[in-house]
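A closer look at the structure
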Amino acid sequence: MSGGRTLTGQAVSPGIAIGPPMVVENRPMPVTREQVDPARIAGEVTRLRDAAARAGAQLGQLAEQARTRVGQEYAAIFEAHRMMLADPALLDEVERVIRAEAVNAEWALEQVVHRLIAQFERLSDVYLRERQTDLLDVASQLHRELQGRPSLRPTPIGEEEGILVADDIPPSQAVQLATGMVCGFASETGGQTSHTTIIAKSLGIPAVVGVAGLVGAVARSSLVIVDGFEGHVLVDPDPGLVQVYRVRAEEHRRRQRELLEVVQLPPVTLDQHRVRLLANIDLLHEVGAARDGGAEGIGLFRSEFVFIEASPSLPDEDQQTAAYRALLDAFPGQPVTVRTFDLGGKKLARELLGSPEANPVLGLRGVRLCLQKPEFFRTQLRALLRAAGTERDNLRIMVPLVGHVEEIKTVRTLLNRLGRELEGEGHPVPETFSVGAMIEVPAAAMIAEHLAQEADFFAIGTNDLTQYTLAVDRANEQVADLYRPFHPAVLRLLDRIISAGSRAGIPVELCGEMAADPLAVPVLVGLGLEEFSMHPPALPVVRRLVRGLSFRDAQRIARRALAMATAKEVEEFLLEQLSNLLAHLKVRITL
Ligand code: PEP
Ligand code: MG
């Protein structure tokens with residue numbers, strides 16, 4: 001029926017997006033050394049300078065659009081990259097190598113970048129080492145221009161938004177999704193809980209990931225449809241089909257508006273069992289969406305994004321204090337849970353904080369990294385205490401990737417020490433604050449009753465808990481079908497954690513993607529989960545489902561699911577339960 005092609009991947013963020021593609025390639029590009037004839041050297045230098053001018057103009061355009069659409073903090077990222085590109089230490093040096101060695105511009109660029117990176121690596125200053133990531137970003141942009149390969153092309157202001165199509169988008173680039181230029185997202189890599197997916201969901205951007213051969217298929221197309229329900233990417237579809245999808249997109253928007261009607265009603269079951277709905281946010285400007293969705297506080301602020309927002313400077317204590325304070329003030333009297341930097345693993349600035357690891361997901365990430373690099377952790381903890389001061393009592397500090405009781409104890413000791421230090425400097429600090437443990441490592445789940453003696457609350461990170469329990473990389477599309485949060489092993493761990501929290505009398509929240517999954521809502525309510533934290537667009541659906549459930553039925557559902565042997569059995573059972581619930585509620589949601 002279509003004149004174009006339809007590719008299939010994994011639907012990870014619902015909705016339909018229609019627009020021109022903006023193609024990004026991040027795969028490393030092979031660079032070969034070519035000897036340049038002396039007569040052509042001047043031409044090679046011109047080629048370099050022209051490519052740099054094009055890359056610079058593009059970064060300028062990106063900065064401008066980011067500034068007008070989302071704010072100065074995003075514009076600063078692109079501006080910093082443009083300045084780096086204009087720095088004579090880079091381009092003049094590449095030109096020198098072209099002339100001295102009579103080689104092609106790509107090769108010269110590669111040599112210079114290698115040398116600069118080696119210099120950065122010898123520095124002890126974390127801030128300066130971080131510049132490696134920026135340098136690599138700028139170099140790869142210049143490289144693409146030299147090779148005439150597609151890169152992120154901003155659509156002119158006022159024109160249609162585009163679909164971001166990529167081979168792979170690392171978390172450090174995921175922030176581009178928030179520039180207001182992207183209405184849909186598709187990529188060759190990624191999975192249900194990879195970080196870029198999470199950001200797309202938060203922003204309500206329809207997304208399909210794990211689409212083999214995507215970039216090649218889209219490279220010369222002019223229109224793409226992302227079907228975030230079925231997991232399809234349609235390349236240059238017939239006008240008739242485009243019309244069909246426009247109608248579906250409108251229908252989805254209408255349903256979303258309907259769901260918002262219940263936003264003011266409390267999330268309470270039919271038999272008066274109350275839960276709390278909180279928001280996960282990565283970027284400060286998502287606060288508005290969290291409020292619109294009726295969030296009763298923040299259950300997860302992924303503070304590592306403060307790094308990206310402040311780039312190229314390392315966010316200093318004052319900047320961080322201001323950011324956290326803004327967040328605390330956005331939800332007065334309601335919990336605001338700031339997760340301390342969860343850097344490392346595959347996330348964000350791993351490269352800048354140590355030498356590359358062979359197995360980073362099992363390596364120096366989360367609280368381990370923070371405790372090994374106390375200087376930047378200290379800055380963050382001081383900023384958190386200063387942000388709360390004596391006037392705000394809604395701060396919850398959440399520690400990621402806890403596996404050992406000692407880790408929580410050490411963070412608390414550090415906080416107490418820093419509190420005294422700040423008081424000595426005349427800063428008001430809170431008398432009490434909550435320190436919680438993220439439970440996302442199976443070991444932590446197994447010792448939950450001990451951790452509950454040290455932690456003021458638990459936050460279950462099912463994205464990682466599933467990954468580590470099932471030994472399945474959450475971002476690897478090759479094993480995406482094995483990534484099953486409803487595996488009975490994961491459910492049993494959830495039961496264990498929630499029960500341990502409840503016996504100790506501490507709040508338990510769940511802030512992995514599972515909290516937003518309609519299939520999971522009845523079983524989680526039934527297990528006794530009190531706090532559900534999710535990307536803001538999912539809040540209305542979950543609220544509606546909670547209000548349609550009876551707690552007694554939910555407990556029965558949880559008991560039955562816990563006794564099952566396979567993920568498939570659990571999923572089928574939960575689907576049946578959800579269908580009954582939806583039929584009863586006379587609500588249609590798209591799973
Ligand atoms: C999780 O692991 O479930 C979680 C919420 O943290 P992140 O997705 O940032 O790893
Ligand atoms: Mg996690």
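What counts, and at which threshold
Within each chain, residues carry numbers counting from 1 in the order of the written sequence. Working convention: letters from A go to chains and numbers from 1 go to ligands, in the order in which they are written. Note on the predicted model: pLDDT of at least 70 is required for a residue's local features to be given, and 80 or more for side-chain atom pairs to be given and counted; whole-chain, interface and lining totals, by contrast, use all residues. Excluding hydrogens and water, the side-chain figures rest on all heavy atoms present in the structure. Strands are runs of DSSP state E lasting at least 2 residues, helices are runs of H or I lasting at least 4, and numbering of each runs from the N terminus. Note on exposure labels: buried denotes an accessible area under 20% of the residue type's maximum, exposed denotes more than 50%, and partly exposed covers the range between, all computed with a 1.4 Å probe on protein chains only. Only heavy atoms enter the contact rule, under which two residues are in contact if any of them lie within 4.5 Å. The Shrake-Rupley method, run with a 1.4 Å probe sphere, supplies the accessible areas, and residue values consider only the shown protein chains as cover. We call a residue near a molecule or strand whenever a single non-hydrogen atom of that residue lies within 4 Å of it. N or O atoms within 3.5 Å of each other form a polar contact, as long as, within protein, one can give a hydrogen and the other can take it, and as long as residues adjacent in sequence are counted only when both atoms are side-chain atoms. Any residue outside Ala, Val, Leu, Ile, Met, Phe, Trp, Tyr, Cys, Pro, Asp, Glu, Lys and Arg is labelled polar, Gly included; the first ten of those are nonpolar and the last four are charged. Here, a strand pair is defined by DSSP locating no fewer than two bridges between the strands. Here, expected helix span is obtained from the residue count minus one, scaled by 1.5 Å. The donor set comprises N, O and S atoms within 2.8 Å of the metal, extended to 3.2 Å for Na, K and Ca; water molecules are omitted, so apparent gaps in a site may simply reflect that omission. What counts as an axis is a line fitted to C-alpha atoms, over the stretch in contact for a helix, and the angles between N-to-C directions run from 0 to 180 degrees.

Along the backbone of the protein chain there are 23 helices and 17 strands. Considering the protein chain as a whole, with its 591 residues, one finds that 58% of them fall into the buried category. In the protein chain, the proportion of contacts linking residues at least 24 apart, taken out of those at least 6 apart, comes to 71%. Accessible area of the protein chain: about 23,400 Å², with a carbon and sulfur share of 52%.

Attention now moves to the site of ligand 1. Neighbouring residues of ligand 1: 15 residues in total, closest Arg 302, Arg 339, Gly 461, Asn 463 and Arg 474. Here an oxygen atom of ligand 1 sits 2.7 Å away from a polar atom, N or O, in the main chain of Asn 463. In the model, an oxygen atom of ligand 1 is placed 2.7 Å from a nitrogen or oxygen of the Arg 474 side chain. The set of elements that each furnish at least two residues to the shell around ligand 1 consists of α7 (195-202), β11 (298-302) and α18 (462-470). No other element matches the three residues that α18 contributes to the shell around ligand 1. Taken together, the residues that form the shell around ligand 1 break down as four nonpolar, five polar and six charged.

For the rest of this paragraph, the subject is the pairing of strand β8 (residues 224-227). Burial of the side chains of β8 extends over both faces: Val 224 and Val 226 are buried on one face and Ile 225 and Asp 227 on the other. Where strand β3 (residues 16-19) meets β8, four bridges bridge the pair, whose relative direction is antiparallel. The residue of β8 that forms the bridge with Ala 17 is Val 226. Examined bridge by bridge, β8 and strand β9 (residues 232-235) share four bridges and lie antiparallel to one another. Counterpart to Val 224 in the pairing with β9 is Val 235. Here β8 folds back onto β9 in antiparallel fashion, the turn holding four residues, of which Gly 231 has a positive phi close to 80 degrees.

Right, let's talk about helix α15 (residues 405-424) for a bit. Compared with an ideal rise of 1.5 Å per residue, which puts 20 residues at 28 Å, α15 spans 29 Å between its outermost C-alpha atoms and is within 8% of the ideal. The inward-facing, buried residues of α15 abut α12 (317-330), α13 (366-372), α14 (374-388), β13 (395-399), β14 (434-439) and α17 (448-454). Just past α15, the residue Gly 426 takes up positive phi, approximately 90 degrees.

Looking at the metal site, the magnesium ion (ligand 2) is ligated by Glu 440 (OE) and Asp 464 (OD), spaced 2.1 to 2.2 Å from it. Linking Glu 440 in the loop between β14 and α16 (442-446) with Asp 464 in helix α18, this pair joins segments that are 24 residues apart in sequence. Both residues of the pair, Glu 440 and Asp 464, belong to the buried class.

Taken together, the four strands give an open sheet; going across it, the order is β1-β9-β8-β3, and neighbouring strands pair in antiparallel fashion. With one partner strand each, in any of the chains shown, β1 (5-8) and β3 form the two edges of the open sheet. Between one strand axis and the next, the sheet turns through 15 degrees on average, direction left out of account. Helix-sheet contacts for helix α9 (residues 239-259) involve β3, β8 and β9, and the interaxial angle to β3 is about 135 degrees.

Pairing is mixed across the open sheet formed by five strands, whose spatial order is β2-β7-β6-β5-β4. Each edge of the open sheet carries a strand with a single partner, namely β2 (10-13) and β4 (21-24). The average angle at which neighbouring strand axes cross in this sheet is 25 degrees, direction not considered. By the bridge criterion, five bridges tie strand β5 (residues 162-166) to strand β6 (residues 182-187) in an arrangement that is parallel. From the neighbouring strand, Val 165 faces β6, where its bridge partner is Ala 186.

By themselves, these observations are geometric and do not establish any function.
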